[in-house]
Amino acid sequence: MADKLYSVLLVLIALHGSLQIAHCVSHKEKHYRYIQDVLNEVTGDIPPFIVQPPPLWFRSNLNRLPGPYHYLRPTLLLWDPVSQRTLQNGLVTCPRCDVADICLRSAHWKDGRNERNAPRLLFARNGVAYLVSRVYRCCNDHEIVAHDDSILKRFPSKEQLPFLLSHVCGITRDLYKDVVLYSSTGMKIEQIECLIAQQHLEYFVERREMFENEMKCQQQEQINSNATSTNSHFPISMPDDLKAPSNDFICQCIIHDYQQNEMLYTQCMAQTRATWIFLF
């Protein structure tokens with residue numbers, strides 16, 4: 001009897017895990033569809049750099065009710081140094097060609113249409129953002145993504161880059177500066193993680209309250225119940241992609257800041273008296 005109960009418990013745990021995975025995949029796919037919709041609406045030769053989440057549902061549109069996802073849309077960073085002319089006036093040469101005067105041309109976006117063209121996830125102050133980069137191609141069919149290191153290192157100053165990338169994901173420059181600031185005040189890595197997690201949770205709770213208040217307003221105005229019944233339940237818990245970076249990732253940010261400023265630290269220590277160093 002105990003073995004049967006144990007087997008049933010394992011099946012329930014497996015089903016629960018598969019449902020969670022399906023929910024996460026569905027949430028990510030919604031992000032990708034939103035990215036593709038935004039790119040379809042981008043007009044002109046120079047795309048905007050930052051696309052903030054659109055204003056929440058305009059209440060005069062009584063025939064369309066907002067879904068929970070409308071309140072959790074991510075910030076998009078459209079990274080296209082060639083078209084935006086933020087690097088070398090838009091004339092960027094191919095780093096893989098032997099000839100120096102072969103320039104790159106825009107081919108397509110990393111918009112999530114397939115796994116190969118998935119955008120990069122960035123930790124941000126209000127949850128997450130997505131780095132949607134252009135893919136360039138030269139006349140020799142070399143493809144270079146806009147956030148490739150061979151292109152990023154051509155910027156005179158790293159401060160011009162609004163993001164920092166790891167092997168898997170990345171972080172926005174604003175949140176990176178916050179992490180460095182918290183560390184400089186003496187906060188432990190665990191405390192920094194808890195603080196960022198609290199900020200993300202407050203953002204999630206704020207969005208949930210806005211959604212619930214909007215639903216109450218619609219009920220008071222006697223909107224058609226069929227319109228409110230579709231996908232009108234806000235997530236009970238915060239989605240995984242809105243959670244804070246891990247301890248290891250925060251530690252990498254602190255180490256990166258030290259490596260960037262190691263010369264300044266060494267110079268400061270060289271100018272410090274030995275008696276002062278001995279006190280520590």
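Every value quoted in this text rests on a predicted model; they were computed, and no experiment measured them.

Conventions and cut-offs
Residues numbered from 1 in each chain as written. Predicted model: local features only at pLDDT ≥ 70, side-chain atom pairs only at ≥ 80, totals over all residues. Heavy atoms only, no water. Phe/Tyr/Trp six-rings, centres within 6.5 Å; stacked < 30°, edge-to-face > 60°. Helix = DSSP H or I, 4+ residues; strand = E, 2+ residues; numbered from the N terminus. Buried < 20%, exposed > 50% of the residue type's maximum accessible area, 1.4 Å probe, protein only. Expected span 1.5 Å × (residues − 1). Contact = heavy atoms within 4.5 Å. Salt bridge = Lys/Arg side-chain N within 4 Å of Asp/Glu carboxyl O. Polar contact = N/O pair within 3.5 Å; in protein donor to acceptor, adjacent residues only side chain to side chain.

1. A closer look at the packing of aromatic side chains
Then, in step 1: With the rule as written, the count across this model stands at six aromatic pairs.
Then, in step 2: With centroids separated by 5.2 Å and ring planes inclined at 65°, the aromatic side chains of Phe123 and Phe249 adopt a geometry described as edge-to-face. In this pair, Phe123 sits in strand β4 (residues 120-124) while Phe249 sits in helix α7 (residues 247-260), placing the two residues 126 residues apart along the sequence. A single burial state applies to Phe123 and to Phe249, both of which are buried.
Then, in step 3: In textbook terms, an aromatic cluster arises when at least three aromatic residues are bridged by ring pairs, as seen for Phe49, Trp79, Phe155 and Phe163.

2. Description of helix α5 (residues 189-220)
Since one α-helical turn is 3.6 residues long, residues separated by three or four positions face the same way.
Then, in step 1: Between the first and last C-alpha of α5 there are 47 Å, a value that for 32 residues agrees with the 46 Å anticipated at 1.5 Å per step.
Then, in step 2: Burial in α5 covers these residues: Ile192, Ile196, His200, Tyr203, Phe204, Arg207, Phe211, Glu214, Met215 and Gln218.
Then, in step 3: On its buried side, α5 packs onto β4, β5 (127-137), α4 (173-184) and α7.

3. Quick look at the pattern of salt bridges
As a working rule, side chains carrying opposite charge can pair if their charged atoms are close by.
Then, in step 1: For the coordinates displayed, the defined rule picks out five salt bridges.
Then, in step 2: With a closest N to O distance of 3.0 Å, Asp111 and Arg113 form a salt bridge.
Then, in step 3: A salt bridge links Asp178 to Arg125; its shortest N-O distance comes to 2.8 Å. Taken as a pair, Asp178 in helix α4 and Arg125 in the loop between β4 and β5 lie far apart in primary sequence, 53 residues in all.
Then, in step 4: The buried category is assigned to Asp178, whose relative accessible area is 13%.
Then, in step 5: Where salt bridges share partners, they join Arg116, Arg137 and Glu143 into one cluster.

4. Comments concerning the side chain of Gln84
Then, in step 1: Within the secondary structure layout, Gln84 lies in helix α2 (residues 81-84).
Then, in step 2: In this structure the side chain of Gln84 is engaged in a polar contact, spanning 2.8 Å, whose partner is the backbone oxygen of Leu78.

5. Regarding unusual backbone geometry
Then, in step 1: Positive phi, normally seen in glycine, also occurs at Asp141, with a value near 65°.
Then, in step 2: The topology assignment puts Asp141 in the loop between β5 and β6 (143-145).
Then, in step 3: Looking at Asp141, the relative accessible area reads 60%, which means it is exposed.

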